[in-house]
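Residue-level listing of the chains:
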Amino acid sequence: MTVLPSDGLSLAAAFPHPSHDQWQHLVEGVLRKSGKDVGGAAAEEALSTTLEEGVTTRPLYTSRDSAPPAGLPGFAPFTRGGTAAGTATGGWDVRQRHALADPARLNEALLADLENGVSSLWLTVGGPSGVPVAALGRALEGVHLDLAPVALDAAEEFGAAAAELLRLHTERGVAKSAVRGTLGADPWGRAARTGAEPDLSEAVHWARVCDREYPGLRAVSVDALPYHEAGGSAAQELGLSLATGVTWLRELTTAGLSVEAACGQLEFRYAATADQFLTIAKLRAARRLWARVAEACGAPGAGAQRQHAVTSTVMMTRRDPWVNMLRTTLACLGAGVGGADAVTVLPFDEALGLPDAFARRIARNTSAILIEESHLARVVDPAGGSWYVERLTDELAEAGWAFFQETERAGGLSAALASGLVAERLAATWAARSRDLARRKEPVTGVSEFPNLTERLPEREPAPAVPGGGLPRVRRDEAFEALRRRADAHLAATGSRPRVFLAAIGPASAHTARVSFASNFFGAAGIEPVTATVPVDSPGVAGSAFAASGAGLACLCSSDPLYAEAAAPVAAALASAGAPRVYLAGRPGEHAGVDDYVFAGCDAVAVLSSVLDRMGVA
């Protein structure tokens, strides 16, 4: 028994201090058992994961993984937070998004949210999905505007919406010094989404008004969501947000504002994803990069970036939407730990249509749980000091700065959008990610992995069509969703799902793993698996079971040793029973009678699409 010293705990005192070389040697042994004969740094490299834009995560981080000093919270470079208190003053601003055209329904939803934990409102005004500008007062009846800041999303009706909102503040006796929120001028975001020519004149006017009369109100949103929603990487999102912010600094200083005043008119909006570490590092890197911009402009004290994080729509799925609650919880955690000033958690049913009251309740309670019960807001920059987080922050900052410089060399944001540079780079990033999604290297729970073919999706009122014409909007589930819709249409037309027969060869210990794999694989396309156990010495059982199954194709499932013995005769029995094509769950090999193979890492989307084609599923 080790006796701890009385003057304090030294929990590692009884253990030897291993070297990095010793750790690598142990890794070599493990890799050798899996068939990879690599050593030294190559062994460590074999366990590394490439994220995007050259950013990688390694299996081990130590004090050797240096990063620039993060500074102190509230001080340049603001990596650790824009204020000395960070979120420890009571948590982040819980900002709920609302896009309802009916002012009465909107008012009911706003009041319910404010009475149950929401601290600010994000309102869509005008357009097909927003409340009319003239009805804004009706929508905000009963809302204490001096206590609940409002953030507008008014697109082309921005000027009228801003004037109406400030008129309501004046009418209700709110002092100009007490007005908070953002008017949400975002012509660049609208240009990215719709291809419209940005008109900055109204935004510049209102920025001057806010600077002159409303010290707590910001006029401009620097929205990076269009780039994330078009499939961009975290680094591209960072680089384009910087390019947008710099464009605004040029416009606002030309209009007479100082650099400090111009910085004070900007609120930056970023996506938060279920990759909590990437989200944490992205928000920390964004503050560091904007501080560098402010420093280069001669205003280092004005570089404290105000951030609004929104849970990603790209990660939200239409199938098994309940899993979205878990995704948004992780995203909210990452945003809170990363130091976002305001966080919007989108309802779990966002991809299905307009959210109901239950979905909005879960969304706002996500922040409440993390703040009040998990106590995330009690610590400033809780991830700070982690060698992994600090290194990832630095690598993202470098990659984001490089893309920002590329955009500037192209002539700035306007020229980069007009020339197609932005669209091309984002499309290339999404194409690479789509390949990983198709091969299930990036699994999507409930969609490409563990699909539930018997689930009944919640029914929601359709959301108004989103204006297009600019950058596309993508979702991780879109390729598999297209397959599922084909299968659903077949079910509706015929009364049954397309089926695949799984011939489970040998005992359960031999076939269970690959039966589970094949069930998930084909289920991702809405194909129902029908399983029958086939004894190794009775291949004819497979033929009779297939004939009774009503399946259109067959797939062998067993261990590699049993495949060598039984795959060929079982495949022959299936073919004799009418199976037009026989698949095998496992790596490609030489098996007579087997037409194709399904295995981890194959292009599942391409294989499943061809399977549906062969089954005659339109």
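Check the entry above for the structure.
Please read these numbers as outputs of a predicted model, since none were measured by experiment.

### Section: the layout of surface pockets
Over the atoms a probe the size of a water molecule is rolled, and this reveals where empty space is left.
For step 1, the next point in the chain: Its boundaries defined by the atoms lining it, the second largest pocket holds a volume of some 960 Å³.
For step 2, the next point in the chain: Surrounding the second largest pocket, 34 residues form its lining, Asp275, Leu278, Arg433, Glu442 and Arg476 being those nearest its centre.
For step 3, the next point in the chain: Elements with a minimum of two residues in the lining of the second largest pocket: strand 1 (49-52), helix 9 (234-254), helix 11 (276-296), helix 12 (323-338) and helix 16 (421-438).
For step 4, the next point in the chain: When grouped by side-chain class, the residues that make up the lining of the second largest pocket number twelve nonpolar, eleven polar and eleven charged.

### A look at unusual backbone geometry
For step 1, the next point in the chain: Omega for the bond connecting Ala76 with Pro77 falls within 30 degrees of zero, at 5 degrees, which places this linkage in the cis form.
For step 2, the next point in the chain: Here Pro77 shows up in the loop between strand 2 (55-57) and strand 3 (93-98).
For step 3, the next point in the chain: The backbone phi angle of Ala155 is positive, close to 50 degrees, even though this residue is not glycine.
For step 4, the next point in the chain: With respect to the helices, strands and loops of the structure, Ala155 is situated in the loop between strand 5 (150-153) and helix 5 (158-171).
For step 5, the next point in the chain: With a phi angle near 60 degrees, Arg440 is a residue other than glycine that sits in the positive phi range.
For step 6, the next point in the chain: Assignment of secondary structure puts Arg440 in the loop between helix 16 and helix 17 (478-494).
For step 7, the next point in the chain: On the basis of relative accessible area, Arg440 is assigned to the buried category, the value being 12%.

### Topic: the nonpolar core
For step 1, the next point in the chain: Counting residues in hydrophobic clusters, the biggest one holds 115 residues, and the most contacted among them are Leu140 and Trp248.
For step 2, the next point in the chain: Take this core: its biggest share by element is ten residues, from helix 9.
For step 3, the next point in the chain: Residues contacting Trp248, with those up to four places away along its chain left out, are Pro187, Trp188, Leu200, Ala203, Val204, Val220, Val222 and Leu266.
For step 4, the next point in the chain: Ile505, Tyr563, Phe599 and Val617 belong to the second-largest nonpolar core, a separate cluster that totals 56 residues.

Thresholds, definitions, all that
- Counting restarts for each chain, with residues numbered from 1 along the sequence as it is written.
- Residues qualify for local features only when their pLDDT is at least 70, as the model is predicted, and side-chain atom pairs are given and counted only at 80 or more; totals for whole chains, interfaces and linings, by contrast, use all residues.
- Hydrogen atoms and water are omitted, and side-chain values are computed over all heavy atoms in the structure.
- Each cavity reported here is a set of points on a 1 Å grid over the protein atoms alone in which a 1.4 Å probe fits but cannot get out, each pocket an open set with protein on both sides within 12 Å along at least five of seven lines, and each lining residue one with an atom within 4 Å of a point.
- Grid points are joined across faces, edges and corners, and a volume is the space filled by probe spheres set on the points.
- Working definition: helices are DSSP H or I runs of at least four residues, strands are E runs of at least two. Numbering for both runs from the N terminus.
- Polarity classes work like this: nonpolar for Ala, Val, Leu, Ile, Met, Phe, Trp, Tyr, Cys and Pro, charged for Asp, Glu, Lys and Arg, and polar for all others, with Gly in that last group.
- Each residue's exposure class comes from its accessible area (1.4 Å probe, protein chains only) as a fraction of the maximum for that residue type: buried when under 20%, exposed when over 50%, partly exposed otherwise.
- To define a nonpolar core, start from buried Ala, Val, Leu, Ile, Met, Phe, Trp, Tyr and Cys residues and group those joined through side-chain atoms within 4.5 Å.
- Two residues qualify as a contact provided that any one of their heavy atoms is within 4.5 Å of a heavy atom in the partner residue.

Limitation: the analysis is restricted to geometry and does not speak to function.
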